[in-house]
There are 2 protein chains.
Amino acid sequence: MAKTNDIEESLVLAPKFDADGLVTCIATDAGSGELLMVAHMNAEALRRTIETGEAWYFSRSRKALWKKGESSGHIQRVVEMRVDCDQDAVWINVEQQGAGACHTGRRSCFYRSVPLRQTGAVALEFRDAEKAFDPRAVYDRK
Amino acid sequence: MAKTNDIEESLVLAPKFDADGLVTCIATDAGSGELLMVAHMNAEALRRTIETGEAWYFSRSRKALWKKGESSGHIQRVVEMRVDCDQDAVWINVEQQGAGACHTGRRSCFYRSVPLRQTGAVALEFRDAEKAFDPRAVYDRK
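Please read these numbers as outputs of a predicted model, since none were measured by experiment.

Before we go on, may I ask you to explain the overall build of chain A in this structure?
A tally of helices and strands in chain A yields 3 helices and 8 strands. Counting only C-alpha atoms, chain A reaches 45 × 45 × 30 Å along its principal axes. Contacts spanning at least 24 positions in sequence make up 43% of the contacts within chain A whose residues lie at least 6 apart. Taking the average place of the 20 positive charges on the side chains of chain A and the average place of its 21 negative ones, the gap between the two points comes to 7 Å.

Next comes the structure, spelled out in structure tokens:
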């Protein structure tokens with residue numbers, strides 16, 4: 001195993017996949033800087049994203065490789081990709097095609113705020129939660 | 001199990017912890033918007049972060065709860081916390097105390113870029129990789 005310092009200062013791409021073969025991927029909007037979504041990539045999704053410059057992910061629930069936008073048309077063109085210090089997370093800064101990144105119809109998946117500095121039960125609050133598109137029109141193909 | 005739509009539109013905080021009892025946490029800088037780091041929280045780290053308004057994490061390598069800055073002094077004051085659609089990821093927007101978030105001495109953990117639209121071996125490139133502090137001075141206590 002490589003020493004920690006080698007991994008941190010190396011210019012070799014050496015993703016540290018977890019037990020399921022995945023790294024975390026953070027997608028932000030290249031225009032606004034907004035955090036859009038968090039998902040996962042396996043080695044194949046990472047390879048395809050690097051080669052094509054468009055975001056591919058691995059769905060943990062469906063256990064399947066997927067290209068972002070393959071159903072919705074809302075593909076993500078990657079402007080820049082970075083890895084973090086220990087190479088178990090990838091950041092992609094993207095041009096989000098279409099109205100939003102979230103399958104619920106929002107621009108970002110992070111549309112609920114958690115109140116801070118309180119104890120006990122927590123009630124979330126909607127923030128930037130307006131629908132950017134109608135998910136039924138985009139995803140329902142029946 | 002709650003229906004997916006209930007989780008996505010609910011105002012109840014119901015984190016979807018993974019098999020190891022963790023959710024992913026993304027920390028961004030409240031001033032610059034910059035992505036600082038990706039880490040994990042267990043239920044206790046999440047509770048403490050909500051109650052104190054300062055970032056607590058769970059280290060997968062050390063298998064221990066830790067308060068960000070407990071060694072370095074570089075604590076993170078949380079300005080806002082949000083959860084994503086399926087509540088398996090948390091975003092905190094923070095005021096980063098001290099010079100940086102990364103234990104290597106950089107401001108952000110994402111200081112290496114991955115070249116895109118190419119095949120074969122990938123050589124990373126340093127980006128924003130200057131040291132903001134000397135990690136030996138901050139962490140070495142021997």
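Sorry, what's going on with the relation of the copies chain B and chain A here?
In summary, the two copies of the chain are related to each other by a rotation about an axis coupled with a shift along it. If you rotate chain B by 180 degrees and push it 0.0 Å along the axis, it lands on chain A with an RMSD of 0.0 Å. Look at the turn and shift together and you get a two-fold axis relating the two. Across chain B, the smallest distance between a C-alpha and the rotation axis is recorded for B:G33, namely 3.4 Å. The fraction of interface residues of chain B whose copies in chain A are also interface residues reaches 100%, indicating that both copies meet through the same surface.

Which parts of the structure should I look at to understand the packing of aromatic side chains?
Aromatic ring pairs: the centre-centre distance and the angle between the two ring planes describe each pair. One pass over the full model with this rule turns up 6 aromatic pairs over all chains. The interplanar angle of 80 degrees and the centroid separation of 6.1 Å between the aromatic rings of A:W91 and B:F110 together place this pair among those described as edge-to-face. Of this pair, A:W91 sits in strand β6 (residues 89-96) while B:F110 sits in the loop between β6 (89-96) and β7 (112-114), placing the two residues on different chains. Here A:W91 and B:F110 have matching classes, each one buried.

Even after reading the chapter, I still don't get a negative patch on the surface, so can you show me in this structure?
A surface patch of like charges, here negative, comprises A:D18, A:D20, B:D18 and B:D20. Along the polypeptide, A:D18 turns up in the loop between α1 (4-9) and β1 (23-29).

Is there a simple way to think about the interface of chain B and chain A in this case?
When the parts come together, some accessible area is lost, and that loss is often what is quoted as the size of the interface. Tallying the contact residues gives 54 residues for chain B and 54 residues for chain A. Carbon and sulfur atoms supply 55% of the area that chain B and chain A bury against each other, a total of about 4700 Å² over both sides. Broken down residue by residue, the surface that chain B buries against chain A is led by B:F110, B:R112 and B:R117, which jointly contribute 15%. Taken together, chain B and chain A are joined by 8 salt bridges. A salt bridge links B:D128 to A:R82; its shortest N-O distance comes to 3.0 Å. Seen at the junction of chain B and chain A, the total is 40 residue pairs in polar contact (both at pLDDT 80 or more). Listing elements by their share of the side of chain B that touches chain A, those giving two or more residues are α1 (4-9), β1 (23-29), β2 (35-41), α2 (43-52), β5 (76-83), β6, β7 and β8 (125-126) of chain B.

Criteria and thresholds
- Residues numbered from 1 in each chain as written.
- Chains lettered and ligands numbered in written order.
- Predicted model: local features only at pLDDT ≥ 70, side-chain atom pairs only at ≥ 80, totals over all residues.
- Heavy atoms only, no water.
- Helix = DSSP H or I, 4+ residues; strand = E, 2+ residues; numbered from the N terminus.
- Contact = heavy atoms within 4.5 Å.
- Lys, Arg positive; Asp, Glu negative; His and termini not counted.
- Charge placed at Lys NZ, Arg CZ, Asp CG, Glu CD.
- Least-squares fit on C-alpha atoms with pLDDT ≥ 70 in both.
- Phe/Tyr/Trp six-rings, centres within 6.5 Å; stacked < 30°, edge-to-face > 60°.
- Buried < 20%, exposed > 50% of the residue type's maximum accessible area, 1.4 Å probe, protein only.
- Patch = residues over 30% accessible without salt bridge, like charges linked within 9 Å, V, L, I, M, F, W, Y side chains within 5 Å.
- Areas by Shrake-Rupley, 256 points an atom, 1.4 Å probe, with all protein chains shown as cover.
- Salt bridge = Lys/Arg side-chain N within 4 Å of Asp/Glu carboxyl O.
- Buried area = accessible area lost by both parts, 1.4 Å probe.
- Polar contact = N/O pair within 3.5 Å; in protein donor to acceptor, adjacent residues only side chain to side chain.

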